[in-house]
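Here is what each chain is made of, one letter per residue.
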Amino acid sequence: MSKKTEKVKLSKDGSSIDFVASDNLPTSTKKFRQSPEIEGFYRFIYENDLRQEAVVVLDGILARRRDERDAATAAAKAAKKK
């Protein structure tokens with residue numbers, strides 16, 4: 001078993017995933033996408049045919065983050081006007 005596949009472990013009953021995170025965080029987007037944790041996550045999604053479910057989850061996360069960013073921007077503009 002290679003190091004990359006050891007980063008993601010599926011429980012015996014298949015109900016949970018255990019990720020082994022590294023201590024250092026990638027600084028650029030390219031390095032982030034190539035990090036072993038993300039590569040293991042992508043591999044898990046692909047091997048378990050969860051692509052459609054992953055898109056739904058990621059779309060929800062992106063929408064929530066966009067709404068939070070928009071709310072923070074609106075609050076900052078409102079505070080600036082006062």
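Structure shown above.
Residues numbered from 1 in each chain as written. Predicted model: local features only at pLDDT ≥ 70, side-chain atom pairs only at ≥ 80, totals over all residues. Heavy atoms only, no water.

Describing the overall build of the protein
The cut-off we apply is this: A run of H or I in DSSP counts as a helix once it spans at least four residues, and a run of E counts as a strand once it spans at least two, with each numbered from the N terminus. Note on exposure labels: buried denotes an accessible area under 20% of the residue type's maximum, exposed denotes more than 50%, and partly exposed covers the range between, all computed with a 1.4 Å probe on protein chains only. Contacts are residue-level and defined by heavy atoms, with any inter-residue pair within 4.5 Å sufficient. Throughout, the Shrake-Rupley method with a 1.4 Å probe supplies accessible areas, and for residues the shown protein chains are the sole cover considered.
Of regular secondary structure, the protein possesses four helices and two strands. The order of helices and strands in the protein, counted from the N terminus, is α-β-β-α-α-α. Burial analysis of the protein (82 residues in total) assigns 10% to the buried set. Contacts spanning at least 24 positions in sequence make up 28% of the contacts within the protein whose residues lie at least 6 apart. Split by element, the accessible area of the protein, about 7300 Å² in all, is 56% carbon and sulfur.

A closer look at the layout of surface pockets
The line we're drawing: Site definitions follow a grid-based scheme: protein atoms alone, a 1 Å grid, a 1.4 Å probe that fits but cannot get out for cavities, and for pockets an open set with protein on both sides within 12 Å along at least five of seven lines, plus lining residues having an atom within 4 Å of a point. Grid points are joined across faces, edges and corners, and a volume is the space filled by probe spheres set on the points. Ten residue types, Ala, Val, Leu, Ile, Met, Phe, Trp, Tyr, Cys and Pro, are classed as nonpolar, four, Asp, Glu, Lys and Arg, as charged, and the remainder, Gly among them, as polar.
Within this model, the largest pocket holds a volume of roughly 290 Å³. As for the largest pocket, its lining consists of 10 residues, of which Phe32, Ile38, Phe41, Tyr42 and Leu58 are closest to the centre. Only α3 (36-47) and α4 (51-81) provide two or more residues apiece to the lining of the largest pocket. Tallied by class, the residues present in the lining of the largest pocket amount to eight nonpolar, no polar and two charged.

Focus: α3
Condition: Given the number of residues in a helix, its expected span is that number minus one, multiplied by 1.5 Å.
Here α3 contains 12 residues, and its C-alpha end-to-end distance of 16 Å stays within 8% of the 16 Å for a straight helix at 1.5 Å per residue. Directly after α3, the chain includes Asp49, whose backbone phi takes a positive value near 50 degrees.

Details of the packing of aromatic side chains
The cut-off we apply is this: Ring geometry is summarised as follows: Phe, Tyr and Trp rings, the Trp one being its six-membered ring, pair when their centres sit within 6.5 Å, and such pairs are stacked at plane angles under 30 degrees, edge-to-face over 60 and tilted between the two.
Counted according to the given criterion, the structure contains one aromatic pair. Measuring from ring centre to ring centre gives 6.2 Å for Phe41 and Tyr42, while their planes differ by 45 degrees; the resulting arrangement is tilted. In this structure Tyr42 comes out as partly exposed when scored by relative accessible area, which is 48%.

Quick word on a nonpolar patch on the surface
To keep things clear, this is the line we draw: Note on patches: the residues involved have over 30% relative accessible area and no salt bridge, like charges join within 9 Å, and the nonpolar side chains Val, Leu, Ile, Met, Phe, Trp and Tyr join within 5 Å. By definition, a salt bridge exists where a carboxyl oxygen of Asp or Glu is found within 4 Å of a side-chain nitrogen of Lys or Arg.
Taken together, the side chains of Val57, Leu58 and Ile61 present a nonpolar region at the surface, about 240 Å² in accessible area. Locating Ile61 in the fold gives a position in helix α4.

Observations regarding unusual backbone geometry
Phi angles above zero are rare outside glycine, and Asp49 is one such case at about 50 degrees. With respect to the helices and strands, the residue Asp49 is situated in the loop between α3 and α4. Under the relative-accessibility criterion, Asp49 is labelled exposed at 51%.

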